[in-house]
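# Geometric and topological summary
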Amino acid sequence: MIGKRKRFIGGVALSLVLVTGIGAGCSNNAGEAPSAVENGENTSGLPDGGMTNLEGYPITKEPITITAAVTYGSLRPEMDTTAIWDYVEEKTNIRVEVEIVKDKDKADLMFASGDFPDLIMNVGINPNQMANAVEGGSFVEMKPLLEQYAPTWNKFMEDNPLVYNGSLATDGKLYSLPYIDFAPFDRNLRDQWIIMGNWLDELNLPVPQTTEEFKEALIAIKANAGKGSIPADVIPYYIYFDNYVGGQFDIYGSFGVYVTDPDYVVVEDGVVKDQSTNPAIKEPLKYLRELYAEGLMPPEIFTDDFTTYASKISSDPPIVAAYHSYANRQPEIGVAMGPLDSGNGEEPLLRSQAYMPGPANTAIITSNNKYPVATVRLLEAIASDTELGLTVSRGTKGIVWDTDEEGKAYQIFWEESPEQMAANAGELGLHNSFVALKDQRFYEETWKELSYDVENSRGWAYENVYKDVVLPNEMVYVQGAIGQDDNNLLNQYKTDLTNYRKAMFADFITGKQDIDATWDTYVAQMKQLGLDAFIELKQKAYNAIAK
Amino acid sequence: MSTAIKSTSRDRLYDIVNTVVLLVLLLVVAYPLYFVVIASISDPKLVATGRVLFWPQNFSFKGYMEVVNYSPIWTGYRNTLIYTTLFTLISVLVSLLAGYALARKPFPGKTAITAFLLFTMFFNGGLIPTYLLMREIGLYGNPAIIVLLGAVNVTNIIISRTFIKSSIPEELYEAASIDGCSHFSFFFRIVMPVSQALIAVLVLFAAVSQWNSWFNAMIYLNDEAHMPLQMVLRDLIVSQSALSTASNTDSMGGDAAAQIYLVESMRYAVIIVSTLPILCFYPFVQKYFVKGVMIGSVKG
Amino acid sequence: MDTASRTGPKDKKQTKSLGFRIWQSRELYLFLLPAVALVIVFNYFPMYGITVAFKDFKPHLGIMGSPWAGLKYFDRFFDMPMFSVILKNTLLLSFYTLIASFPLPIILALALNSTPSQRLKKIVQTITYAPHFISIVIIVGMLNIFFSPSMGIVRNILSGLGLMDGNLDVLMNASSFPHLYVWSGVWQTLGWSSIIYLGALSAVDPALHESAVIDGASKFQRVFRIDLPLILPTIVILLILESGTIMNIGFEKVFLMQNAFNLSTSEVINTYVYKVGIREAQYSLSSAIGLFNSGINFILILLVNQVSRRLGQESLW
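- Chain C appears in an unreviewed UniProt entry as Sugar ABC transporter permease from Paenibacillus sabuli.
- Chain C has a UniProt comment under Subcellular location (unreviewed entry) that states "Cell membrane".
- Its UniProt record gives chain C a comment under Sequence similarities (unreviewed entry), which states: "Belongs to the binding-protein-dependent transport system permease family."

- Looking at an unreviewed UniProt entry, one finds chain B named Carbohydrate ABC transporter permease, with Paenibacillus sabuli as its source organism.
- Recorded in UniProt under Subcellular location (unreviewed entry), the annotation for chain B is "Cell membrane".

Shown next as structure tokens:
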């Protein structure tokens, strides 16, 4: 027996020896990053070794290839083979060879192994990955390139310090360009609040203006279940509990407790303030408790998954009377409802999506790139050349978008028509998976937004219902880059606090715990879990962008 | 005589209890399976809202049509068939050979080799060095990697060892070796035929694991034409994965729900399309369980 | 007699000679070669990656080039405020899973093996095997639909039978989460896990049963005295192997099953690590946690194996 054990230990020891021995032999790794090409100027002194023209088309003298990586998206499955790259090549001499990263794990691997393509499009890079890559000199600094070769982007960044700050890495330098879309109806509003107008009509009720009216309408709808077009198993009010998309947050806003971030914070005069322990939030929570106790919200709001939530609110004929959603799922009968007056003297406001205009880090030039100037000129062309920009962003002209007689561009179809999207998958642009510059000027001069005229579209609803009742931008929390340690700590606090808060709020609403009796314990526990330190970190991240 | 009668009536009771238990189990397991089938031919919104219970609602084959009309699925099927066949072949052979060797009486290094293999069940270098190594030795992007990576399954080796050890006594080999029978001929003439049930189990384990796998393909393959079925199906429904939506809706902004509507009708159909072939494979494996009994009796 | 006494010591001497014994077993080494070679290439070559757990891994420095950090990342893991909670939840869930899902496939296999109806046997086998192929996302989706508090089929049946009224509490209760997790797992794996026992049972010699019948043994007795002992080695080995996977609680299923009510019991190491963002880019911490899990698995398997050996049962080596 002892001999056997010895042999076994010997075997394990052998394994360990092999581990270290082989390890030493296998020490080659991603460490040998190719030497960075400073601003694209090599020994010849010319940009990209003389390959790149300084202005006009084509961008390069000879056809070149740039490799790129982008995350897979099912609405645009053919980002690697889409016809737009032929268009780009024809015009610029640059062939963009896209590799679709199928999974987050593979993107992580790219950052961990340092195995980068020439250009990184939107792959959901996180702050730690960015910091690591920057530290290793894997990315090319963008600002000098913009100053020299990309006047449109450079000017935009100078005019929009918020966007600029939001794009900076922890070392305070710029390594990436964002996707910019200033469409007000998209960014200035998070969820619309939809209520079934035809049911209200059938019951002779107005569209609710106050929290009281809303509750009464829900009660009436429930009481009339099975009558008229109201189904017997109607769900009066349905949310996706505590999720920033589709959650209960606009109830808080109706009571004047503004929450502008999934972490329950709001910005007041540049100071980040926690709302989850603000005593004022007890009032909307009690209101939700009333709705729940009356059976106006089903218990499924806590247990359904997102797919089920999405299916229920989009059912047509409808089964849900009121819900929060990006788009109106029943444009024929659903009515966009404003925030509700609670009568407590506070101004009711809806959430704004955030005034960051789209995903950051959608174009990063890596130090593997032999043609950084050509690449940055391509990025500039996307911003300055309307046709090229819209083709790369939306898709082929004449199929996905077109211009009218006044020369203004308009869309032929949009994300809301998945069938059209699928049918034309080979002609689609990259949307927010790659850079675009659709700023104020673009919407004023170049673009004609057709949806403003389509009743119950999001654009229409924004113009007609929501424009003046959304939270002002100064109050919206936005987050800039903070150091790795801070970031890791922030995530840990966030998880602990979210878990506890979510469980407590669910208990308050279902009545498992009484809110008044437990409130002090709840607040004390939140402090215990690091709420103050968390808010400090949130403030730090806010300062990084709003400086 | 009286004991025989007593035992038959006791046996009857045993049979009745046994049958009832199995029937109840059958019901409990069959209903959710049935649900998957009716859900795959019903309106997905009605499924999610709990209105599909016993019969399909708004019967349609839309989900299936979308899956079947998605052309990469057929290359995916072909690739998966090739990968599964080769992988099963290699994996089962490796497991059997190693299992046989470890089932024999002690020889120098046997315990050390066992430990050497077992160690890998618990400790591994992680994804990064493996990925770098594959790039180094040129297996990245090479379909061979799908067949080779994971071909050694230590659990299966141990199972083979246990099975061979308990069904083929050392004396039998010693008797054979006196007759001049080498390990090789003993393995192919005696062990393989006697271990049909074991081989059936190993084939099933290997085939199913390869059939269901997608991770290695996702990491190590880069050519769409080489992707196995599960990878193709993942592309089809990746955004509907509740996993990705639940964690990303907050940060995604925009219309998080829109992508879900695109693919929700395929959720259940995809399961049936991808599972049916391997389900049909099982009855063939079952046959060998029965055969094993007959060989056992011949041997006895 | 004479020859025997002469060859005796000679044999003994030969078995003692290592070189000869190796030469004698050369075929067996050849049998092991494919497995060992593949394991060396695919498992041991990248094994140096384990050191990431003890280093401040920086991608641009590579694994070997990154500076050593000692036990920093292990300390960081143990110092997490939630460490004891998530460890407790993980262990609870995994031991419960082991206790519930280990014996049942054995019972199913024995029952199937002794059922008089071959047709029933085949149908039950095929049906119980099928859930293994349903993806986790769908399984959890079905759980949510079936156990939906106010309109699920389970609630409807129970209230139809007058056994309850109001909402079904199963999904809204932290204490029922482990049961739901474990028993849905049993449902999914029962048939699949019984296959190996069915395979082992098919090697049982029918002659043993025949002679037992003659001795007047009842069917029940035969199952317990003939079938069970014969598959015992398989059972023991699988139990040992299972005990070495105790920390491998699947991340996906727990994560998808989490809701506001069950977080106090459903937050396990893997889900927490995911939420805190460790998987994303904190490679060293992530490796340290992985190594911690593997270490516990390894220790457990050694312990269980030792116990099994003491009891005179199977052993891994």
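### Examining the overall build of chain B
- Per the secondary structure count, chain B includes 16 helices and 0 strands.
- Sorting the 300 residues of chain B into buried and exposed places 56% on the buried side.
- Nonlocal contacts in chain B, meaning residues at least 24 apart in sequence, comprise 75% of its contacts between residues at least 6 apart.
- Carbon together with sulfur atoms contributes 68% to the accessible area of chain B, which is approximately 12,400 Å² in total.

### Section: the UniProt feature "transmembrane region" (unreviewed entry) in chain B
All names here are of chain B.
- Per the UniProt annotation, the sites labelled "transmembrane region" (unreviewed entry) are residues 20–41, 81–103, 115–134, 140–159, 186–208 and 268–285.
- Annotation note: span residues 140–159, helix share 55%, strand share 0%, distance between end C-alpha atoms 31 Å.
- Strand forms 0% of residues 186–208 and helix 96%; the C-alpha atoms that close the span are 29 Å apart.

### A short note on the packing of helix H4 (residues 72–103) of chain B against helix H3 (residues 26–44) of chain C
- Direction vectors running N to C along H4(B) and H3(C) enclose 130°, while the axes themselves pass 8 Å from each other. Classified by the angle between their axes, H4(B) and H3(C) sit oblique to one another. Helix-helix and strand crossings are classified by hand; for H4(B) and H3(C) the assignment is left-handed. Where H4(B) abuts H3(C), its residues B:Val94, B:Leu97, B:Ala98, B:Tyr100, B:Ala101 and B:Leu102 lie against C:Leu28, C:Phe31, C:Leu32, C:Pro34, C:Ala35 and C:Leu38.
- Across the contact of H4(B) with H3(C), the residue classes break down as 12 nonpolar, no polar and no charged.

### Regarding the sheet that holds strand E2 (residues 94–101) of chain A
All names here are of chain A.
- Judged by pairing direction, the sheet is mixed, and its 5 strands sit side by side in the order E2-E1-E3-E12-E4 without closing on themselves. One side of each edge strand has no neighbouring strand; the edge strands of this open sheet are E2 and strand E4 (176–177).
- Looking at chain direction, strand E1 (residues 64–71) and strand E3 (residues 119–120) are connected through 2 bridges and run parallel. Paired with Ala68 across the two strands is Leu119, which belongs to E3.
- Of the strands in this sheet, E1, E2 and E3 are in contact with helix H3 (residues 104–113), which crosses E2 at around 115°.

### Digging into the side chain of B:Lys110
- For B:Lys110, the position within the fold is in helix H5 (residues 110–122).
- Among all residues touching B:Lys110, those that are not within four sequence positions of it are B:Leu102, B:Arg104 and B:Lys105.

### Focus: the domain arrangement of chain B
Residues and elements named next belong to chain B.
- Segmenting chain B into domains produces domain 1 (2–60) and domain 2 (64–299).
- Listed by partner, the interface residues are 9 residues for domain 1 and 7 residues for domain 2.
- For the pair domain 1 and domain 2, the summed buried area comes to about 650 Å², and 77% of that belongs to carbon and sulfur atoms.
- Taken as a group, Val36, Ser40 and Pro44 account for 62% of the area that domain 1 buries against domain 2, more than any other trio of residues on that side.
- Across the domain 1-domain 2 interface, the total number found is 1 residue pair in polar contact (both at pLDDT 80 or more).
- For the side of domain 1 that touches domain 2, the elements supplying multiple residues, two or more each, are helix H1 (2–40) and helix H2 (44–48).

### Observations regarding the interface of chain C and chain A
- Taken residue by residue, the interface counts 47 residues in chain C and 52 residues in chain A.
- Between chain C and chain A, the buried area comes to about 4,200 Å², and carbon and sulfur atoms account for 58% of it.
- For C:Lys58, the salt bridge goes to A:Glu135, with nearest N and O atoms at 3.6 Å.
- At the level of secondary structure, the elements contributing two or more residues to the side of chain C that touches chain A comprise helix H4 (62–65), helix H9 (136–146), helix H16 (269–275), helix H17 (278–281) and helix H18 (283–310) of chain C.
- Among the elements that make up the side of chain C that touches chain A, the one with the highest residue count is H18(C) (6 residues).
- Along the lines of polarity and charge, the residues of the side of chain C that touches chain A split into 26 nonpolar, 12 polar and 9 charged.

### Comments concerning the packing of aromatic side chains
- Inspection of every chain in the model, using the stated rule, returns 74 aromatic pairs over all chains.
- Where B:Tyr77 meets B:Trp211, the ring centres are 6.4 Å apart and the plane angle is 55°; that geometry is what we call tilted. Within this pair, whereas B:Tyr77 is found in helix H4, its partner B:Trp211 is found in helix H11 (residues 196–212), the two being separated by 134 residues in sequence. Each of the two residues, B:Tyr77 as well as B:Trp211, counts as buried.
- Taking the centre distance of 5.3 Å and the plane angle of 65° together, the rings of B:Phe122 and C:Phe298 count as edge-to-face. On the criterion of chain membership, the pair formed by B:Phe122 in helix H5 and C:Phe298 in helix H18 is interchain, its members lying in two chains. Each member of the pair, B:Phe122 as well as C:Phe298, is classed as buried.
- In this structure an aromatic cluster arises from ring pairing among A:Tyr244, A:Phe249, A:Tyr252, A:Tyr264, A:Tyr500, A:Phe505, A:Phe508, A:Trp519 and A:Tyr522.
- Directly above the aromatic system of B:Tyr140 lies the positively charged group of B:Arg135, at a separation of 4.2 Å from the ring centroid.
- Looking at C:Arg26, its charged tip hangs above the ring of C:Trp23, at a distance of 4.2 Å from the centre.

### A closer look at the UniProt feature "transmembrane region" (unreviewed entry) in chain C
All names here are of chain C.
- The sites that carry the UniProt feature "transmembrane region" (unreviewed entry) are, in the present numbering, residues 28–45, 91–112, 133–154, 190–208, 228–251 and 283–304.
- Taken end to end, residues 28–45 has its terminal C-alpha atoms 24 Å apart, with 94% of it in helix and 0% in strand.
- Helix and strand shares over residues 190–208 are 79% and 0% respectively, and the end C-alpha atoms of the span are 28 Å apart.

### Describing the interface of chain C and chain B
- Contact with chain C, which involves 99 residues of that partner, is made by 95 residues of chain B.
- For the pair chain C and chain B, the summed buried area comes to about 8,600 Å², and 79% of that belongs to carbon and sulfur atoms.
- Ranking the residues of chain C by area buried against chain B places C:Phe31, C:Phe42 and C:Phe133 at the top, with a combined share of 9%.
- Taken together, the links from chain C to chain B amount to 2 salt bridges.
- Here B:Asp15 makes a salt bridge to C:Lys219, at a shortest N to O gap of 2.9 Å.
- Per-element accounting of the side of chain C that touches chain B gives the leading share, 16 residues, to H3(C).
- Counted by class, the side of chain C that touches chain B contains 69 nonpolar, 22 polar and 8 charged residues.

### Some thoughts on the side chain of A:Asn328
All names here are of chain A.
- The residue Asn328 is located in the loop between strand E10 (320–325) and strand E11 (334–337) in this model.
- A polar contact of 3.0 Å, which involves the side chain of Asn328, links it to the backbone oxygen of Gly334.
- In this structure, Asn328 is in contact with Gln192, Ile194, Tyr323, Gly334, Val335 and Asn456, ignoring residues within four places of it in sequence.

### Considerations on unusual backbone geometry
Residue and element names in this part refer to chain A.
- Pro58 follows Tyr57 through a cis peptide bond whose omega is -10°.
- For Pro58, the position within the fold is in the loop between helix H1 (2–25) and E1.
- With omega at 5°, the peptide bond leading from Asp316 into Pro317 counts as cis.
- In this fold, Pro317 is placed in the loop between helix H14 (306–314) and E10.
- Phi is positive for Asp242, close to 65°, though the residue is something other than glycine.
- Turning to its location among the elements, Asp242 is positioned in the loop between strand E7 (235–237) and helix H11 (249–254).

Reading the values: the criteria
- Residues numbered from 1 in each chain as written.
- Chains lettered and ligands numbered in written order.
- Predicted model: local features only at pLDDT ≥ 70, side-chain atom pairs only at ≥ 80, totals over all residues.
- Heavy atoms only, no water.
- UniProt positions renumbered as here; feature names shortened; annotations may be inferred.
- Helix = DSSP H or I, 4+ residues; strand = E, 2+ residues; numbered from the N terminus.
- Buried < 20%, exposed > 50% of the residue type's maximum accessible area, 1.4 Å probe, protein only.
- Contact = heavy atoms within 4.5 Å.
- Areas by Shrake-Rupley, 256 points an atom, 1.4 Å probe, with all protein chains shown as cover.
- Axes fitted to C-alpha atoms, helices over the stretch in contact; angles between N-to-C directions.
- Parallel < 35°, antiparallel > 145°, perpendicular 65-115°, else oblique.
- Left-handed = near helix turned anticlockwise from the far one by under 90°.
- Nonpolar A, V, L, I, M, F, W, Y, C, P; charged D, E, K, R; others polar.
- Pairing = 2+ DSSP bridges.
- Domains from an automatic or database assignment.
- Buried area = accessible area lost by both parts, 1.4 Å probe.
- Polar contact = N/O pair within 3.5 Å; in protein donor to acceptor, adjacent residues only side chain to side chain.
- Salt bridge = Lys/Arg side-chain N within 4 Å of Asp/Glu carboxyl O.
- Phe/Tyr/Trp six-rings, centres within 6.5 Å; stacked < 30°, edge-to-face > 60°.
- Lys NZ or Arg CZ within 6 Å of the ring centre and 35° of its normal.

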